[in-house]
Amino acid sequence: MFYTMLKYVLLGPLLRLVFRPRIEGLEHVPASGPAIVAGNHLSFSDHFLMPAVLKRRITFLAKAEYFTGPGLKGRLTAAFFRSAGQIPVDRSGKDAGQAAIREGLGVLGKDELLGIYPEGTRSHDGRLYKGKVGVAVMALRAGVPVVPCAMIGTFEAQPPGRKLPRVRPVTIRFGEPLDFSRYAGMENEKAILRAVTDEIMYAILSLSGQEYVDRYAADVKAAEAAGEERKERPFRRLPLS
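This part takes up the overall build of the chain. A count of helices and strands for the chain gives 8 helices and 9 strands. Burial statistics for the chain: of 241 residues in total, 50% are counted as buried. The long-range fraction of contacts in the chain, counting pairs at least 24 apart against all pairs at least 6 apart in sequence, stands at 77%. Total accessible area computed for the chain in this model is approximately 12,000 Å², and 55% of it derives from carbon and sulfur atoms.

Strand pairing in a sheet takes place through backbone hydrogen bonds and is either antiparallel or parallel in direction. Read across the open sheet, the 7 strands follow the order E1-E8-E7-E2-E5-E3-E4; overall the sheet is mixed. Two strands close off the open sheet at either side, each with one partner strand: strand E1 (22-24) and strand E4 (87-89). Here the strands of the sheet are splayed against their neighbours by 25° on average, with no regard to which way each runs. Summarising the sheet, strand E7 (residues 146-152) and strand E8 (residues 171-174) pair through 4 bridges and their orientation is antiparallel. The residue bridging Ala-150 from the neighbouring strand is Arg-173, located in E8. The strands touched by helix H5 (residues 134-142) are strand E2 (35-39), strand E5 (113-116) and E7; relative to E2, the strand with the most contacts, the crossing angle is about 165°.

Take the packing of H5 against helix H7 (residues 190-208) next. Where H5 contacts H7, the two axes come as close as 8 Å, and the packing angle between them is 105°. Taken together, H5 and H7 sit at an angle that is classed as roughly perpendicular. Along the contact surface, H5 presents Val-135, Ala-136, Val-137 and Leu-140, while H7 presents Ile-192, Leu-193, Val-196, Thr-197 and Ile-200. When the residues that make up the contact of H5 with H7 are grouped by side-chain class, the tally is 8 nonpolar, 1 polar and no charged.

Core analysis: the largest hydrophobic core is formed by 32 residues, its most contacted members being Ile-36, Phe-180 and Ile-200. If you list the elements that add at least two residues to this core, you get E2, E4, helix H4 (96-109), E5, H5 and H7. Looking at this core element by element, the count peaks at 8 residues for H7. The contacts of Ile-36, once residues within four sequence positions are left out, are Leu-108, Leu-114, Ile-116, Val-135, Met-138, Ala-139, Val-144, Pro-145, Val-146 and Val-147. Counting residues in each nonpolar core, the second largest holds 19 residues, with Val-37, Leu-54, Leu-113 and Tyr-117 among its members.

A complete count under the given rule lists 6 salt bridges for this structure. A salt bridge links Glu-24 to Arg-173, with the shortest nitrogen-to-oxygen separation between them at 2.6 Å. Of this pair, Glu-24 sits in strand E1 while Arg-173 sits in strand E8; the two residues are 149 residues apart in sequence, bridging distant segments of the chain. Notably, a salt bridge pairs Arg-182 with Glu-199, separated by 2.9 Å at the nearest N-O pair. Of this pair, Arg-182 sits in the loop between E8 and H7 while Glu-199 sits in helix H7, and the two are 17 residues apart along the sequence. With relative accessibility at 35%, the residue Arg-182 sits in the partly exposed group. Salt bridges here are not isolated pairs; linked through shared partners, they connect Arg-22, Glu-24 and Arg-173.

Cut-offs used in this document
Residues numbered from 1 in each chain as written. Predicted model: local features only at pLDDT ≥ 70, side-chain atom pairs only at ≥ 80, totals over all residues. Heavy atoms only, no water. Helix = DSSP H or I, 4+ residues; strand = E, 2+ residues; numbered from the N terminus. Buried < 20%, exposed > 50% of the residue type's maximum accessible area, 1.4 Å probe, protein only. Contact = heavy atoms within 4.5 Å. Areas by Shrake-Rupley, 256 points an atom, 1.4 Å probe, with all protein chains shown as cover. Pairing = 2+ DSSP bridges. Axes fitted to C-alpha atoms, helices over the stretch in contact; angles between N-to-C directions. Parallel < 35°, antiparallel > 145°, perpendicular 65-115°, else oblique. Nonpolar A, V, L, I, M, F, W, Y, C, P; charged D, E, K, R; others polar. Core = buried A, V, L, I, M, F, W, Y, C linked by side-chain atoms within 4.5 Å. Salt bridge = Lys/Arg side-chain N within 4 Å of Asp/Glu carboxyl O.

Purely spatial values, then, with no claim about function.
See below:
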């Protein structure tokens, strides 16, 4: 109930007014049945812009910190995210990845759309980073298509650290669904998971036109915080057959 009001009455119209999103490829998102929408992550606004333009409800796996903040602000933020259909996931500890996968499979098991950012965190510099294999595990275990999505312009509108977005147009571009049925039953093979994840990231890269860094975003952030020099590697395009 609140999700519908948030999308069509409260937040959706405001987001459309501020960002004036140009939507491309919306027909690639399945009208029914389970599917994963995998996108780049450039801004806090991404959590709300994509759901605002989709015809179907989509559930994102959100970091647990959004639900555990202190004081009144923390409680209001947690209530907002829960009302918007977001699921908290603890990203700390050795079992964090498995917890996220369980939650994601639960969403797909209800024939719903699952939104995920394979990079695992927001890009701090606008570049696209190496994807984590959790998206591949869920796609293969659930046997669902993956729709790549590129958010374009949201980094410039609201980069990390900026509380209020700039008023400027953005583009939300969806690509053709990726079918990984050829890998059915191979979700425990590391090489397959890496290949599937790289294929998803290459599709996102093709849609977004970003510069790609073949390292995990979290590692690069940590290295830069420690004053280390950035090391970049070219994108590895893997065979698609």
